[in-house]
Amino acid sequence: MPPACTLISFASRQIWPQVLSVLHQRPARLRLFHSAEGAESKRPAQRLRELLAFSQILPPGAILLHEVPHDRFQEIVDALADAAAQDSLDDTNSIVNLTGGNKLMALAAAEWCRLAGVPCFYLERDLRVFPFLPKGGDLLPQPDYQLDPHLARDLDPLALLGCQLDNAQIVSPGQRLVLNEPGRQVDLDQFPALLQQHRDFREFLAWDHPAPEERYGDGLEFAVAFALLKLGVPAVQRGIRLSPRVPFSSALEEGELDLVFNWSGKLWLVDCKDRKSPESRINALRSDLQKDTPLSPQIQQHLDCLAEELRQKELHPLKEDLLAVSETAGLLGRAICVRRSPLPQQAAEFARSRNLPVVLKHNLLGGLRPLLFPDAPASLDELKALAKAKTSALP
């Protein structure tokens, strides 16, 4: 892209096509078109402007917002022509991103590019760019190419999350976790042994704010954060609290995100639960009772019924939790569940239907590494761990 070039784009709920396109093109100015619809276009455009300015990708004065109708083809084309006339834009100093907006906006933008002779491109979800060049009144497709998945590596995950959210707002940013000096010195191969020793992984981490309170399950969150950081993630945000974004809100929080991080052109959410399964809890109770006297068949039956009741009682909130994590991640986001024990069959099937990977605590590296590096071959240790996980489940 030549110096002092202008990128023309259309806002929508999904911010990543906009962020990655700006980082790749590095324009001097961004003309961001949006409709009057608040949730779908106008508010995302405003949040994107704030993100780009906050992250110092573009100065605030270089990001210009334009409102256009979402359902009138010719008025969209005319709005593009007016903006181009104001800035004397042509094929030498401008390019159009067709990825955002609705389909009618994309068609209108492509038509203007064809008429004005301005190049354009479309960014697919797999980070492939499909460019088009105008020639003789046509838009001719050019060879596609792949974007660097780590273009946005240094962007703050908290700022990205704030830009993505519309119906919720961040009321507490939680902690930004990074490796401290002892953490940087730890070899990644030592991690499984440290996990088995129940080490407190906070000794390998640094953070900006203290946690408001210590809770059961914090240890797993710190262990997962440490594993992610050692695998190459720059920073992990822990314990982000959200509340509904509505007028006259009761100020009641609607939930907390355990871990959030930015990786490979996506915003990732990790939901951590370190609870024992109902079966393991009942089996522990059974073992304690049998220490004093053998259990009668009736008591055995009662314990079996209790285990089944606990399974059914946990299944519904568990499925709700899985759904909430999956939806918060967004269309171009990723969500991961980390659990101590394998999910019950119904919950596991529900997670698979939402493309929600479940990583078990005893195999954190083997589960996280292929998600972060999907094209890398699995190591021998990871293959052994996978085989073990398929044949046995730890309580």
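Computed from a predicted model, the values in this text were never measured in an experiment.

Here we take up the packing of helix α2 (residues 38-54) against helix α5 (residues 157-164). The interhelical angle for the contact between α2 and α5, taken along N-to-C directions, is 165°, at an axis separation of 9 Å. In terms of orientation, α2 and α5 fall into the roughly antiparallel class. Crossing angle aside, the handedness with which α2 passes α5 is right-handed. For the pair α2 and α5, the contacting residues are R47, L48, L51 and F54 in the first and A159, L160, G162, C163 and Q164 in the second. Of the residues contributing to the contact of α2 with α5, the split by class is six nonpolar, two polar and one charged.

So, about the pattern of salt bridges. Any two side chains of opposite charge can pair if their charged atoms end up close together. According to the stated counting rule, one finds 23 salt bridges in the structure shown. Measuring nitrogen to oxygen at the nearest pair gives 2.9 Å for the salt bridge that ties D200 to R202. A salt bridge links R339 to D271; its shortest N-O distance comes to 2.8 Å. Of this pair, R339 sits in strand β15 (residues 334-339) while D271 is found in strand β14 (residues 266-273), placing the two residues 68 residues apart along the sequence. When salt bridges with common partners are traced through the structure, they connect R215, D218, E221, R238, R241 and E256 into a single cluster.

Before going further, it helps to spend a moment on unusual backbone geometry. Backbone geometry at H198 places phi at a positive 60°, although glycine is not the residue there. Its location among the elements puts H198 in the loop between α7 (191-196) and β11 (205-207). Positive phi outside glycine occurs at S264, with the angle close to 55°. Of note, S264 is situated in the loop between β13 (255-263) and β14.

Conventions adopted
- The numbering scheme is per chain: residues are counted from 1 as the chain's sequence reads.
- Residue-level local features of this predicted model are given only where pLDDT is at least 70; pairs of side-chain atoms are given and counted only at 80 or more, and the full residue set underlies all totals for whole chains, interfaces and linings.
- Excluding hydrogens and water, the side-chain values take into account all heavy atoms of the structure.
- Axes, fitted as lines to C-alpha atoms, cover a helix only where it is in contact. Angles between the N-to-C directions of the axes lie from 0 to 180 degrees.
- Put simply, DSSP marks the helices as runs of H or I at least four residues long and the strands as runs of E at least two long, and each gets a number from the N terminus on.
- Angular relationships are summarised with four words: roughly parallel below 35 degrees, roughly antiparallel beyond 145, roughly perpendicular across 65 to 115, and oblique for the angles in between.
- Each crossing gets its hand from how the near helix is turned against the far one by less than a right angle, where anticlockwise is left-handed and clockwise is right-handed.
- Between two residues, a contact is recorded if the distance between any of their heavy atoms is within 4.5 Å.
- For this classification, Asp, Glu, Lys and Arg are treated as charged, while Ala, Val, Leu, Ile, Met, Phe, Trp, Tyr, Cys and Pro are nonpolar and the rest, including Gly, are polar.
- Whenever Lys or Arg places a side-chain nitrogen within 4 Å of a carboxyl oxygen from Asp or Glu, that contact is recorded as a salt bridge.

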